[in-house]
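# Remarks on the overall topology
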Amino acid sequence: MSGPAQVDVAVIGGGIAGLWLLARLQKAGYSAVLLEAEALGGGQTLASQGIVHGGLKYAINLTLGSDSEALADMPARWRACLDGRGEVDLHGLKPAAERHLFWARRTLA
Ligand SMILES: Cc1cc2nc3c(=O)[nH]c(=O)nc-3n(C[C@H](O)[C@H](O)[C@H](O)COP(=O)(O)OP(=O)(O)OC[C@H]3O[C@@H](n4cnc5c(N)ncnc54)[C@H](O)[C@@H]3O)c2cc1C
């Protein structure tokens, strides 16, 4: 009979956030387990439209604030991951499209 498992971190929830965190923890050398109550990726992650907008979608009315500044480096971070040189290796993933265009209504922009 084995004793209780010893790990550095237990991640609760296997959506994109938990899976991303698990990958980063393991890459950093921590022992980690992920506990999922239903199915991996089966929550909001499955419902996602799959647009890698990094939060820009929520600034579409051009109300740019500190959040926007914090998100400014997101495209480069995702591009690095898709190229296999980022914090999580996504190089085998084939995006459905290279670009997604947004436009704001009722503004000159
Ligand atoms: C309709 C829709 C469209 C979207 N489109 C986009 C998009 O195009 N682009 C974008 O960037 N974002 C989009 N989002 C937002 C994005 O999907 C979410 O921000 C993201 O998926 C959240 O991931 P998460 O891992 O935090 O949560 P989830 O994917 O919901 O994962 C949480 C997990 O935790 C598990 N869990 C909960 N409680 C427990 C517990 N007590 N023990 C164990 N496991 C537990 C759940 O079963 C679930 O699997 C969209 C969201 C929705 C709803």
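See the structure above.
A brief look at the structure comes next. Fair warning: this is a prediction, and the values are worked out from it, not measured in the lab. (Residues numbered from 1 in each chain as written. Predicted model: local features only at pLDDT ≥ 70, side-chain atom pairs only at ≥ 80, totals over all residues. Heavy atoms only, no water.)

### Structural notes on the environment of Gly54
- The residue Gly54 is located in the loop between helix 2 (44-47) and helix 3 (66-71) in this model.
- Taking the C-alpha atoms as reference points, Gly54 and Ala72, separated by 18 residues in sequence, lie 8.3 Å from one another.
- Once you skip the residues sitting within four places of it in the chain, Gly54 turns out to touch Leu71 and Met74. (Helix = DSSP H or I, 4+ residues; strand = E, 2+ residues; numbered from the N terminus. Contact = heavy atoms within 4.5 Å.)

### Details of the packing of aromatic side chains
- Evaluated as defined, the whole model comprises 1 aromatic pair.
- Note on Trp20 and Trp78: the rings are 5.3 Å apart at their centroids and 50° apart in plane angle, and the pair reads as tilted. Placement of Trp20 in helix 1 (residues 16-27) and of Trp78 in helix 4 (residues 74-82) is noted, with a sequence separation of 58 residues between them. (Phe/Tyr/Trp six-rings, centres within 6.5 Å; stacked < 30°, edge-to-face > 60°.)

### Structural notes on the site of the ligand
- By nearness alone, 20 residues border the ligand, and Glu36, Gln44, Thr45, Gln49 and Ile51 come closest of all.
- At 2.9 Å, a backbone N or O of Gln49 approaches a nitrogen atom of the ligand.
- Contact distances for the ligand include 2.7 Å between a nitrogen atom and a backbone N or O atom of Ile51.
- Secondary-structure elements contributing two or more residues to the shell around the ligand are helix 1 and helix 2.
- Split by residue class, the shell around the ligand holds 8 nonpolar, 10 polar and 2 charged. (Near = heavy atom within 4 Å. Polar contact = N/O pair within 3.5 Å; in protein donor to acceptor, adjacent residues only side chain to side chain. Nonpolar A, V, L, I, M, F, W, Y, C, P; charged D, E, K, R; others polar.)

### Notes on the pairing of strand 1 (residues 9-12)
- Bridge count for strand 1 against strand 2 (residues 32-35) is 4 bridges, and the pairing is parallel. Paired with Ile12 across the two strands is Leu35, which belongs to strand 2.
- In this region the chain leaves strand 1, passes through helix 1 and returns to the parallel neighbour strand 2; the handedness of that crossover is right-handed. (Pairing = 2+ DSSP bridges. Right-handed = clockwise from strand over helix to strand, strands pointing away.)

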